[in-house]
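# Results of the structural survey
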Amino acid sequence: MIELQLDFFQYDFMRTALAAGLAASVLCGIIGIYVILNKIVFISDGIAHAAFGGIGLGYFLGFDPLVFGIGSAILTALGIGVISHRARVSEDTAIGVFMATGMALGVMLLTLSRGYARDLYGYLFGNILAVTGSDVLMISILTTIILVLVFLLYKEFLIMSFDPIYGEAIGLPVQGLRLLLLTMVAFSVVVLIKIVGIIMVIALLTIPGAISRQHMKGLPAIMAGSIFLGAVFVTIGLLISYMLDVPSGATIILTAALVFFLSTIASR
Amino acid sequence: MTTVSIKGLWVCRAEHAVLEDINLELEPSDFLGLIGPNGGGKSTLLKVMLGLIKPDRGEIRIFGLTPEAARGRVGYMPQKTMFDQSFPVKVLDVVLMGRYSRTGLFHRYGPEDRAAARRALEAVKMDDRAEREIGALSGGEQQRVFVARSLVSDPELLLLDEPTAGVDSAQQTEFYDLLSHLNHDLGIAIVMVSHDVTAISKYVSKIACLNQRLYYHGSKEITNDDIEKAYGCPVEMIAHGTPHRVLREHD
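Residues numbered from 1 in each chain as written. Chains lettered and ligands numbered in written order. Predicted model: local features only at pLDDT ≥ 70, side-chain atom pairs only at ≥ 80, totals over all residues.

## Regarding the overall build of chain B
On a plain count of helices and strands, chain B comes out with 9 helices and 11 strands. Across the 251 residues in chain B, those meeting the buried criterion constitute 41%. Restricting the contact set of chain B to residue pairs at least 6 apart, pairs at least 24 apart contribute 64%. (Helix = DSSP H or I, 4+ residues; strand = E, 2+ residues; numbered from the N terminus. Buried ≥ 20, exposed ≤ 12 C-beta atoms within 10 Å, placed from the backbone. Contact = placed C-beta atoms within 7 Å.)

So this is what it looks like as structure tokens:
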């Protein structure tokens, strides 16, 4: 076993993958809790899928796909917010439309760009082993920014998550905070796409938080527990996928899902 | 100085009036019960007092100030909110939320905020529950915590929107006694929206009936005529013993 672990860490790409996974766990642990508490799981999933449109556009124009991915994720987040506020379209309908449109655009543009079938697979299902050093840097910077924002606006996010109607009544900028939260979700989701892919992003965002909530009390403890669980799932998932030579994203999610079901049964 | 002064106030939505020519004066010691049919504009009037809805016409002053400027001196308890009963937050932290208007954006709560939260919990006799999770409390206890949240900024005026919805009658009586105490002993003016005329008439000092127009005579007296106009149908009014009256609405 010890021999295996040494073997595991001797490769650069494995160390990079692990670093990216651990940084992402911090991000998931914090943003994931707000996603759960604010019941915006479906919006977050919609944002992830819509990001695919931007990724396709980036490829098509020959620019960095992730930058375009983040752009389209934020546009979607704001678009869903504005449309469901103004037009006579309910929020979940707006999400459904944005989600499918983004996916369709992504598939279309990637196909037109030719020769990127392997990348298409990577974006849909994730490939943590293909993460580069600069990706790790970007994930770390994003994680730091979001940590600072959540530290500064902790009490505001707590009021908004618990009782937004009261928040508005006492002059809290609820609408602005909500758009900020959706923007942070958009950033997180695009980072996580690298690791587990568009289809499975939502699982990594919600499962660690959901388990932590079953066992911890108080928001800070739940966040810490969620970060810890995310780190464990990423590490174990990576190890198993390396040993058995199976896809890393799916292994990470299946590990998390298994623990979630066991934890749910145990806490009944 | 008058606590609330509203003169000729109109609020319109999509071409029709929600509030029509509202006039209301309240003194610092007043406890006003605001009754009226659903959709009659009761919540809207509270929101105007909080500065969340701008009147289309007329004037409103709270402590002689605009509602926005007075917000720090007003406590508000919304209609029973459907918060997630398993939300991971302690009672003390819920009460602290009421300090937001004093603490402001980005600032953290300090020791004086925590002391105020403890005092507010003592005022509603919930100080022994401070460290419990909010979802672990009964409906009546939760209502008390939300009153504490509206008290924690040391308001001179409390606005309560149907505060006893979903609370059983024994707890309601205790709750109204608590409000009487706040009104009499701490000198906090209260405006309470309710549909339960029977229950509130014993506790409030004034009653107003709202259905677009406000039927109010600066007292606890409401005439049969007022009620019929407001509810738009004949309403049975039973005087049962003195001094309080019981009004009941026909279905």
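More follows now that the structure is in view.
## So, the interface of chain A and chain B
The partner chain B presents 19 residues to the 20 residues of chain A that form the contact. Of all the secondary-structure elements, those providing two or more residues to the side of chain A that touches chain B are helix H8 (154-162), helix H9 (164-169) and helix H12 (219-244) of chain A. Sort the elements by how many residues they give to the side of chain A that touches chain B and H8(A) lands first, with 5 residues. Taken together, the residues of the side of chain A that touches chain B break down into 12 nonpolar, 2 polar and 6 charged. (Nonpolar A, V, L, I, M, F, W, Y, C, P; charged D, E, K, R; others polar.)

## Looking at the confidence of the model for chain B
Residues and elements named next belong to chain B. The predicted model of chain B has a mean per-residue pLDDT of 83, with 86% of residues at 70 or higher. Ranking the helices and strands of chain B by mean pLDDT puts helix H3 (residues 91-96) first, with 94, and strand S10 (residues 236-239) last, with 44. Among the prediction metrics, the complex's ipTM stands at 0.83, with pTM recorded as 0.84. (pLDDT = per-residue confidence, 0-100.)

## Some words on the confidence of the model for chain A
Atomic detail in the predicted coordinates should be set aside for any region of low pLDDT. Taken as a whole, chain A shows an average pLDDT of 88; of its residues, 94% reach a score of 70 or greater. At the level of individual helices and strands, chain A shows its lowest average pLDDT in helix H1 (residues 2-9) of chain A, which scores 59, and its highest in H8(A), which scores 94.

## Considerations on the sheet that holds strand S5 (residues 74-77) of chain B
The strands making up a sheet are joined through hydrogen bonds of the backbone, oriented either antiparallel or parallel. Residues and elements named next belong to chain B. Strands sit in the order S5-S6-S7-S3-S8-S9 across an open sheet of 6 strands; the sheet is mixed. Two strands bound the open sheet, and with one partner strand each, they are S5 and strand S9 (213-215). When strand polarity is set aside, the average angle formed by the axes of neighbouring strands in this sheet is 20°. Packed on one face of the sheet, helix H1 (residues 42-49) meets strand S3 (31-35), strand S6 (157-161), strand S7 (189-193) and strand S8 (206-211) and runs near 150° to S6. Helix H6 (residues 139-151) contacts S5 and S6 of the sheet and is inclined by roughly 155° relative to S5. (Pairing = 2+ DSSP bridges. Axes fitted to C-alpha atoms, helices over the stretch in contact; angles between N-to-C directions.)

## Quick look at the environment of B:Val95
Along the chain, B:Val95 turns up in helix H3. In this structure, B:Val95 is in contact with B:Ala117, B:Ala120, B:Leu121, B:Val145, B:Ala148, B:Arg149 and B:Val152, ignoring residues within four places of it in sequence.

## Considering the sheet that holds strand S2 (residues 16-26) of chain B
Residue and element names in this part refer to chain B. Pairing in this open sheet of 3 strands is antiparallel, and the strands run S2-S1-S4 from one edge to the other. Looking along the sheet, the strands with just one partner apiece sit at the ends: S2 and strand S4 (57-62). Taken pair by pair, the neighbouring strands of this sheet meet at an average axis angle of 25°, ignoring direction. With 7 bridges joining them, strand S1 (residues 4-13) and S2 adopt antiparallel strand pairing. Bridge assignment links Val-4 to a residue of S2, and that residue is Leu-26.

## Section: the packing of helix H2 (residues 12-37) of chain A against H12(A)
Residues and elements named next belong to chain A. The contact between H2 and H12 brings their axes to 8 Å, and the two run at 150°. It follows from the interaxial angle that H2 and H12 lie roughly antiparallel. Once H2 is placed against H12, the crossing between them reads as right-handed. Here Met-14, Ala-17, Leu-18, Gly-21, Leu-22, Ser-25, Val-26, Cys-28, Gly-29, Ile-30, Gly-32 and Ile-33 of H2 lie close against H12, whose contacting residues are Ile-222, Met-223, Ser-226, Ile-227, Gly-230, Ala-231, Val-234, Thr-235, Leu-238 and Tyr-242. Within the contact of H2 with H12, the residues separate by chemical class into 15 nonpolar, 7 polar and no charged. (Parallel < 35°, antiparallel > 145°, perpendicular 65-115°, else oblique. Left-handed = near helix turned anticlockwise from the far one by under 90°.)

## Digging into helix H3 (residues 41-61) of chain A
All names here are of chain A. In this model, H3 (21 residues) spans 31 Å end to end at C-alpha, consistent with the 30 Å of a helix rising 1.5 Å per residue. Burial runs high along H3: 17 of the 21 residues are buried. At the C-terminal side of H3, Gly-62 shows a positive phi close to 80°. (Expected span 1.5 Å × (residues − 1).)

## Some details on H8(A)
Burial of H8(A) is extensive: 8 of the 9 residues sit out of reach of the surface. Those residues of H8(A) that sit buried are A:Lys155, A:Glu156, A:Phe157, A:Leu158, A:Ile159, A:Met160, A:Ser161 and A:Phe162.

## Notes on the environment of A:Gly225
Residues and elements named next belong to chain A. Along the polypeptide, Gly-225 turns up in helix H12. On the neighbour-count criterion, Gly-225 (20 C-beta atoms within 10 Å) is buried. In sequence terms Gly-225 and Ile-80 are 145 residues apart; their C-alpha atoms lie 31 Å from each other. Every residue in contact with Gly-225, bar those within four places of it in the chain, is listed here: Ser-212, His-215 and Met-216.

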